[in-house]
Amino acid sequence: MSKPKITIPFIQQAKAEGRKLVMITAYDYPFGLMADEAEVDIVLVGDSLGMVVMGLDGTVPVTMEQMIHHIKAVMRGCKTALVIGDMPFMSYNTCIRDAISNAGRLMKEGGCDAVKLEGGVDFSETVHSIVKAGIPVQGHIGLTPQTASALGGFKMQGKDAAAAKQIIDDARALENAGVFSIVLEAVPAPLGELTARAVNVPVIGIGAGPDVDGQVLVTHDLVGLFDKFLPKFVKQYTQIRPIIIDAISQYKKEVQEKVFPGQEHSFKMSEETLAELQKLI
Ligand code: KIV
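Nothing here was measured: the structure is a model prediction, and the numbers come from that model.

Caption draft 1: Focus on the overall build of the protein. Check the secondary structure of the protein and you find eleven helices and eight strands. Structurally, the protein occupies a C-alpha span of about 85 × 40 × 35 Å along its principal axes. For the protein, restricting intrachain contacts to residue pairs at least 6 apart in sequence, the fraction spanning at least 24 positions comes to 60%. For the protein, the accessible area works out to roughly 15000 Å², and carbon and sulfur atoms hold 58% of it. Separation of charge centres in the protein, based on 27 positive and 33 negative side chains, amounts to 1 Å.

As C-alpha cells, this is what we get:
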C-alpha cells in the first residue's frame, strides 16, 4: 500500500514534535523512486545538478528549462516525499514579478510541491510575494552557492560575531516572510544551534552541525557518485562509483572475449523458420 504524501504542515510540525527531518537531493526518476523507498521526508531537485549531473563548475549557468526537465523526472518516481524545486540563479533576482512567475513555472510545469531560493533579509520581500501567491517557499542561507564568488568561494560562513548575527537576522526575516523551512549551509555548529533556536520553522542543516532540526546532503556525495571534491560536512555512506566502473569494465571484457551475450540473453528462432529464411536470402 502506498504511503500518504508528506505535506508542508507535516514538515512544519516536525520541529515542535522533536522529529528530525531527512532531506536529500534527486535529479531523475530512479533516484526519485529510491528516495521514496528509503522514506525520506523531503527531496530537493537542487541546482547542484549543474555540478553533479552536468559537470559544470558551479550552479550559476543552470536554467529554468533544465530545472523543469529534472523536476518532471523526479516527480514521476517520487510519490510520497515532499518535492522541492530549486529556483536557479537569476530566476528570482531580477524582480518580484519574475520571481513569482518562475516559482509558478516550477510548480505548474515541473509539478513540484514547493520551491527553494537562496538569500536572507535582502530576499524577504520576494519570498513574501511568492508565498502570498500561494507557493510554499523554503529559504537557503549561510553559504549560498549561487553567490559563492561574492562570499569568497565555497567557504564556511558566519565566522565572526557580526557575520553570525546576520545569519540569524536572515533566518528571522525569512520566517517573517512566510517560509515553511530554511536550509542553513556551512556554518559553525554553535551558530547552527542558535539559528534553529531563533526561529519556529525547521532549520535543515548541511554543514551546520547536529543541533538543527534536520539534515540535507547531496545524494551523489553521500553515495560516492561524485568525486570531483568532497566538502568537509559530507559523510559518504557508500562508494557506488567503483562498483559501477567495475560492472562496465566486466561488460567490456565479456564483449571483447565473446562471452556476452550468451544463450540466456539471446532470442531463439525455430529450426523451421531458420531453414525457410535461409532459402529466402
Ligand atoms: O542545490 C542543492 O543541492 C542545494 C543543497 C546543497 C541544499 O541547495
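Caption draft 2: Focus on the sheet that holds strand E5 (residues 137-142). As summarised here, the arrangement of the eight strands in space is E1-E2-E3-E4-E5-E6-E7-E8, forming a closed barrel in which the pairing is parallel. Direction aside, the axes of adjacent strands within the sheet are offset by 25 degrees on average. One ladder, built from three bridges, connects strand E3 (residues 82-86) with strand E4 (residues 114-118); its direction is parallel. Bridge pairing in E4 places Gly85 opposite Val115.

Caption draft 3: Spotlight on helix H8 (residues 189-198). Of the residues making up H8, those classed as buried are Leu191, Gly192, Thr195 and Ala196. Projected down its long axis, H8 shows its buried positions confined to an angular sector of 135 degrees, all on one face. Away from its buried face, by an angle of more than 90 degrees, H8 presents the exposed residues Pro190 and Arg197. Contact partners of the buried residues in H8: helix H1 (8-17), helix H7 (161-177), strand E6 (181-185) and strand E7 (203-206).

Caption draft 4: Region of interest: unusual backbone geometry. A cis amide bond links Phe260 with the next residue in sequence, Pro261, at an omega value of 0 degrees. Among the structural elements, Pro261 can be located in the loop between helix H10 (240-256) and helix H11 (271-280). A positive phi angle, near 60 degrees, is found at Lys258, a position not held by glycine. Checked against the element boundaries, Lys258 lands in the loop between H10 and H11. Given a relative accessible area of 75%, Lys258 falls into the exposed group.

Caption draft 5: Structural context of the site of the ligand. Near the ligand you find Thr25, Leu44, Gly46, Asp47, Ser48, Asp86, Lys116, His140, Val183, Glu185, Ile206 and Val218, and these make up its full shell. Contact distances for the ligand include 3.1 Å between an oxygen atom and a side-chain N or O atom of Asp86. One of the side-chain nitrogen or oxygen atoms of Lys116 is found 2.9 Å away from an oxygen atom of the ligand. Looking at the shell around the ligand, its residues break down into four nonpolar, four polar and four charged.

Definitions and cut-offs
- Sequence positions are assigned chain by chain, starting from 1 and proceeding in written order.
- With pLDDT at 70 or above as the cut-off, local features in this predicted model cover only qualifying residues; side-chain atom pairs require 80 or more to be listed or tallied, and sums for whole chains, interfaces and linings still use all residues.
- For side-chain calculations, the full set of non-hydrogen atoms in the structure is used, while hydrogens and water are omitted.
- Going along the chain from the N terminus, every DSSP run of H or I of four or more residues is numbered as a helix, and every run of E of two or more is numbered as a strand.
- Throughout, a contact is declared for two residues whenever any of their heavy atoms are within 4.5 Å.
- Residue-level accessible areas treat just the shown protein chains as cover; the underlying method is Shrake-Rupley with a 1.4 Å probe.
- Under the counting rule used here, the positive set is Lys and Arg, the negative set is Asp and Glu, and His together with the chain ends is not counted.
- Charge positions come from single atoms, namely NZ of Lys, CZ of Arg, CG of Asp or CD of Glu.
- In this description, strands pair whenever DSSP reports at least two bridges between them.
- Under this scheme, a helix contributes an axis fitted over its contacting stretch, all axes are lines through C-alpha atoms, and angles between N-to-C directions fall in the 0 to 180 degree range.
- Accessibility here uses a 1.4 Å probe with only protein chains present; expressed as a share of the type maximum, an area under 20% marks a residue as buried, one over 50% as exposed, and anything in between as partly exposed.
- Summarising the geometry, the arc corresponds to the directions from the helix axis toward the C-beta atoms.
- Only heavy atoms are used to decide nearness, and a residue is near a molecule or strand if one of them lies within 4 Å of it.
- Here a polar contact is recorded for every N or O atom pair within 3.5 Å, except that within protein the pair must consist of a potential hydrogen donor and a potential acceptor, and residues adjacent in sequence are included only if both atoms are side-chain atoms.
- Here the nonpolar group is Ala, Val, Leu, Ile, Met, Phe, Trp, Tyr, Cys and Pro; Asp, Glu, Lys and Arg are the charged ones; every other residue, Gly included, is treated as polar.

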